[in-house]
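Chain residues, written in single-letter form:
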Amino acid sequence: MIYLDYQATTPLAPEALRAMLPWLEQGHANPHSPHRAGRQARAAVEVARDQVAALLPSGGRVVFTSGATEALNWTIKGLDGAIVTTAIEHAAVLDTAKATARPLTILPVDDQGLVAPTAIAPGTELVAAMLVNNEIGTIQPIAALADEAHRAGARMLCDAVQGYGRIAIPDTVDLVALSAHKIHGPKGIGAQWIRDGIPLPPLLHGGDQEGGRSGTLSPALCAGFGVAARLMATRAEADAAHLERLWSIAIERFGPDWTINGSTEERYHGNLNVRREGLDVARLMSDCRDIAFSAGSACASGSGRPSHVLTALGLSEAQAKSSIRLGFGRYTSEEELIRAIDQLVAAAKAQRP
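Numbers given to residues run from 1 along each chain, matching the order in which its sequence is written. Given that the model is predicted, a residue must reach a pLDDT of at least 70 before its local features are reported, and side-chain atom pairs must reach 80 or more before they are shown or counted; all residues, however, enter totals for whole chains, interfaces and linings. Hydrogens are left out, water is left out, and the side-chain values use all remaining heavy atoms of the structure.

Caption draft 1: Representation of the nonpolar core. Take the buried residues of types Ala, Val, Leu, Ile, Met, Phe, Trp, Tyr and Cys, join any two whose side-chain atoms come within 4.5 Å, and each joined set is a nonpolar core. Only protein chains enter the accessibility calculation, which uses a 1.4 Å probe; a residue whose area is less than 20% of its type maximum is buried, one above 50% is exposed, and one in between is partly exposed. Core analysis: the largest hydrophobic core is formed by 76 residues, its most contacted members being Phe 64, Tyr 164, Phe 225, Ile 324 and Phe 328. If one sorts the elements of this core by residue count, helix α11 (residues 334-351) sits on top with seven residues. Where a domain begins and ends is set by an automatic assignment or by a domain database. If you count residues domain by domain, this core takes at least three from each of domain 1 (2-7 + 236-351) and domain 2 (14-232). Grouped together as the second largest cluster of nonpolar side chains are 18 residues, Val 63, Leu 79, Leu 157 and Ala 177 included. The secondary structure listing takes helices from DSSP runs of H or I that are at least 4 residues long and strands from runs of E that are at least 2 residues long, numbered from the N terminus.

Caption draft 2: Fine view of the pattern of salt bridges. By definition, a salt bridge exists where a carboxyl oxygen of Asp or Glu is found within 4 Å of a side-chain nitrogen of Lys or Arg. One pass over the full model with this rule turns up 15 salt bridges. Taken together, the salt bridges that share partners define one network made up of Arg 42, Glu 46, Arg 49 and Glu 210.

Caption draft 3: Spotlight on the packing of helix α7 (residues 236-254) against α11. Contact geometry for α7 and α11: axes closest at 10 Å, N-to-C directions at 25 degrees. Between α7 and α11, the crossing angle belongs to the class labelled roughly parallel. The element α7 and its partner α11 pack so that their crossing is right-handed. Touching Arg 245, Leu 246, Ile 249, Ala 250, Arg 253 and Phe 254 of α7 are Glu 334, Leu 337, Ile 338, Ile 341, Asp 342 and Val 345, all from α11. Interaxial angle, 0 to 180 degrees, is taken between N-to-C directions of lines fitted to C-alpha atoms, where a helix line uses only the stretch in contact. Relative orientations are named as follows: roughly parallel for angles under 35 degrees, roughly antiparallel for angles over 145 degrees, roughly perpendicular for angles from 65 to 115 degrees, and oblique for any other angle. Crossings are sorted by hand: turned counterclockwise from the far helix by less than a right angle, the near helix makes the crossing left-handed, and turned clockwise it makes it right-handed. Throughout, a residue-residue contact means that at least one pair of heavy atoms, one from each residue, lies within 4.5 Å.

Caption draft 4: Highlighting the domain arrangement of the protein chain. Looking at the assigned domains, one finds that the protein chain contains domain 1 (2-7 + 236-351) and domain 2 (14-232). Each of domain 1 and domain 2 has a C-alpha centre, and these two points are 27 Å apart. Every contact between the two is made by 24 residues of domain 1 and, on the other side, 27 residues of domain 2. Here domain 1 packs against domain 2, burying approximately 2,200 Å² in sum over the two surfaces, 54% of which is carbon and sulfur. Looking at the side of domain 1 facing domain 2, the largest losses of area belong to Tyr 268, Leu 313 and Arg 330, adding up to 26% of the total buried there. Linking domain 1 with domain 2 are zero salt bridges, by the criterion used here. Accessible surface is computed with a 1.4 Å probe, and the buried area is the amount of it that two parts give up when combined, taken over both parts together.

Caption draft 5: Looking closely at the packing of helix α2 (residues 36-53) against helix α6 (residues 219-234). α6 packs onto α2 with a crossing angle of 30 degrees between their chain directions and a minimal axis gap of 8 Å. Between α2 and α6, the crossing angle belongs to the class labelled roughly parallel. α2 and α6 meet at a crossing whose hand is left-handed. Facing Ala 41, Val 45, Ala 48, Gln 51 and Val 52 of α2, the residues of α6 in contact are Pro 219, Cys 222, Ala 223, Phe 225, Gly 226, Val 227, Ala 229 and Arg 230. Looking at the contact of α2 with α6 residue by residue, the class counts come to ten nonpolar, two polar and one charged. Note on residue classes: Ala, Val, Leu, Ile, Met, Phe, Trp, Tyr, Cys and Pro are nonpolar, Asp, Glu, Lys and Arg are charged, and everything else, Gly too, is polar.

Caption draft 6: Molecular detail of helix α3 (residues 68-78). The element α3 is extensively covered by neighbouring structure, given that nine of its eleven residues are classed as buried. Along α3, the residues that are buried comprise Ala 68, Glu 70, Ala 71, Leu 72, Asn 73, Trp 74, Thr 75, Ile 76 and Gly 78.

Caption draft 7: The pairing of strand β10 (residues 271-275), seen in detail. Most of β10 sits out of view: five of its five residues are buried. Neither face of β10 is left uncovered, since the one carrying Asn 271, Asn 273 and Arg 275 and the one carrying Leu 272 and Val 274 both have all their residues buried. As judged from the two bridges shared by strand β9 (residues 259-260) and β10, these two strands associate in the antiparallel manner. Within β10, the position partnered with Thr 259 by the bridge is Arg 275. The pairing of β10 with strand β12 (residues 323-327) spans five bridges and is antiparallel. Pairing between two strands requires that DSSP report at least two bridges joining them.

Put into structure tokens, the structure is as follows:
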């Protein structure tokens, strides 16, 4: 199997696995217990917290959560007032914002998948936008959106799930949601970064172990997250160079019969979303079972609906449904990417020469 679905989840880094194993095999103490074993577990959690924080703005704190979905729900449900977001956000933002029944403004994007920062109406409490889009990889102008939010007296929430460790997070944001399994860490853990001085009522009540967030932390998951974050920093240059080679290969191998969805300039190059006229994506997936790729975001696959992100760009339903997404990165070899794309292109041509 050639794995090209990095936006859905990334392979676990071997170093992250090694960091987790001692806490899975022997370090079973509760990190919130006062005895020596508990204090040792707590120390591992705090080391991980510092490692995650190293790639975030200063002047805030990292709170571990079960994942980015919890972090996004915590902020959106915790702040009162009107919400402004964009048409291409993840369902964890759009659905949660709608569920609050508070006034909601959804900003459109252009045909490149980019939002134009506009004046935010006074009385808005929260502006929420993702740094890197999970379906088309476009990089949003978060700093400009944060400026507009602050002029209106609102908070800026950045969904940095796809961009953390890859694209710089502006220092002016107020809250940041993260997920470990999108940076070669384990599933089941994420984080919320909260700027100092911002009160955020608890989403989960109980032991208040994280100072606003309740629940027993897993030292193993925290350790894996921390090491994955550290690797994003130490391997940043090598990862970026490898990614550019993969992107160039992918663009060349697909050729002119395929159209890239979204901006090619303001884009993270580990995400390639392309379409081919008349492509039957379900048949393509059946013909290329040994390649893991996506017809859209993993959370929406199987719904039968066209991607809300692609239709927000102005694509027709037919164009959206003839699109595929390839995600690649650190552990993708050039040889397997070439082999996979050549197979996809050949299978697509067999459908419609």
